[in-house]
Amino acid sequence: MNESSKLYWKEYWESRGQEKPRSVSAWQFGDNPDYLAHLVIDGVKTATCSGLIFYELENAPLPSVEDYSIVLNSKNEPLAIIKTVDVKITPMNEVPEEFAIAEGEGDKTYQYWKETHIRFFTEELSKIGLQFSEDMMLVCERFKLIDVKDK
């Protein structure tokens with residue numbers, strides 16, 4: 001986590017007079033970090049997903065309920081804090097329409113979500129020599145917005 005994210009995290013909890021949780025991660029949303037971060041800030045995006053295979057290949061821990069994250073823009077600047085409220089591992093072709101819509105992207109339809117995610121996962125998997133399959137396992141995460149960083 002970069003210094004500006006650490007400072008934001010520290011100042012957020014100090015301003016509330018509360019002890020900060022021990023663990024936080026800082027990351028950008030997938031394909032278009034600035035657009036997606038602003039959907040979160042605007043309250044439109046309340047969910048996200050990633051391929052389980054990427055967590056496995058990076059030996060990264062899966063998100064879990066009560067996790068905090070700092071959402072970064074494309075310049076790795078902190079924009080907001082979110083808290084994970086639900087995590088489910090689901091085959092892509094079984095993701096409920098309501099979850100896809102909660103991702104808040106594009107025209108907010110299931111069809112848009114599906115087409116966008118097929119394209120994204122196909123590209124990302126091909127970079128590592130793997131092929132996309134509609135039954136690939138996804139880590140589906142719901143979150144709530146905790147704070148938006150003052151500019």
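Residues numbered from 1 in each chain as written. Predicted model: local features only at pLDDT ≥ 70, side-chain atom pairs only at ≥ 80, totals over all residues. Heavy atoms only, no water.

Draft legend 1. A look at the sheet that holds strand β1 (residues 24-27). Read across the sheet, five strands follow the order β1-β3-β4-β5-β2 without closing on themselves; strand pairing throughout is mixed. In this open sheet, the two edge strands, each paired with only one partner strand, are β1 and β2 (47-51). Taken pair by pair, the neighbouring strands of this sheet meet at an average axis angle of 35°, ignoring direction. Here strand β4 (residues 78-91) runs beside strand β5 (residues 137-148); their pairing, made up of 11 bridges, is antiparallel. Its bridge partner being in β5, T84 is matched across the sheet by F143. (Pairing = 2+ DSSP bridges. Helix = DSSP H or I, 4+ residues; strand = E, 2+ residues; numbered from the N terminus. Axes fitted to C-alpha atoms, helices over the stretch in contact; angles between N-to-C directions.)

Draft legend 2. Representation of the nonpolar core in the model. Of all hydrophobic cores here, the largest spans 14 residues; its most connected members are C49, W113, F121 and L138. Beyond its immediate stretch of four places on either side in the chain, W113 contacts C49, M92, V95, A100, E103 and L138. (Core = buried A, V, L, I, M, F, W, Y, C linked by side-chain atoms within 4.5 Å. Buried < 20%, exposed > 50% of the residue type's maximum accessible area, 1.4 Å probe, protein only. Contact = heavy atoms within 4.5 Å.)

Draft legend 3. Representation of the pattern of salt bridges within the structure. Scanning the entire structure with this criterion turns up 10 salt bridges. With a shortest N-O distance of 3.0 Å, E66 and K83 are connected by a salt bridge. Highlighted residues: E66 in the loop between α3 (52-58) and β3 (68-72) and K83 in strand β4, separated in sequence by 17 residues. Judged by relative accessible area, which is 15%, K83 ranks as buried. A salt bridge links D86 to K88; the nearest nitrogen and oxygen atoms lie 3.1 Å apart. Given a relative accessible area of 22%, D86 falls into the partly exposed group. You can call K88 partly exposed: its relative accessible area is 47%. Through salt bridges that share partners, K45, E103 and E105 make up one connected network. (Salt bridge = Lys/Arg side-chain N within 4 Å of Asp/Glu carboxyl O.)

Draft legend 4. How the structure looks around helix α5 (residues 110-127). In this model, α5 (18 residues) spans 26 Å end to end at C-alpha, consistent with the 26 Å of a helix rising 1.5 Å per residue. Inspection of α5 places W113, T116, H117, F121 and L125 among the buried residues, and these make up the whole buried set. Down the axis of α5, the sector holding all buried residues measures 150°, keeping them to one side. Buried-residue contacts for α5 involve β2, α3, α4 (97-102) and β5. At the exit of α5 stands G129, carrying a positive phi of roughly 75°. (Expected span 1.5 Å × (residues − 1). Arc of directions from axis to C-beta.)

Draft legend 5. Representation of unusual backbone geometry in the model. Backbone geometry places N59, a non-glycine residue, at a positive phi of 50°. Along the chain, N59 falls in the loop between α3 and β3. Judged by its relative accessible area of 71%, N59 falls in the exposed class. The phi dihedral of K108 is positive, around 60°, even though this residue is not glycine. Relative to the helices and strands, K108 resides in the loop between α4 and α5.

Draft legend 6. Spatial organisation of the environment of I118. Turning to its location among the elements, I118 is positioned in helix α5. Sequence separation between I118 and S133 is 15 residues, and the spatial gap between their C-alpha atoms is 8.6 Å.

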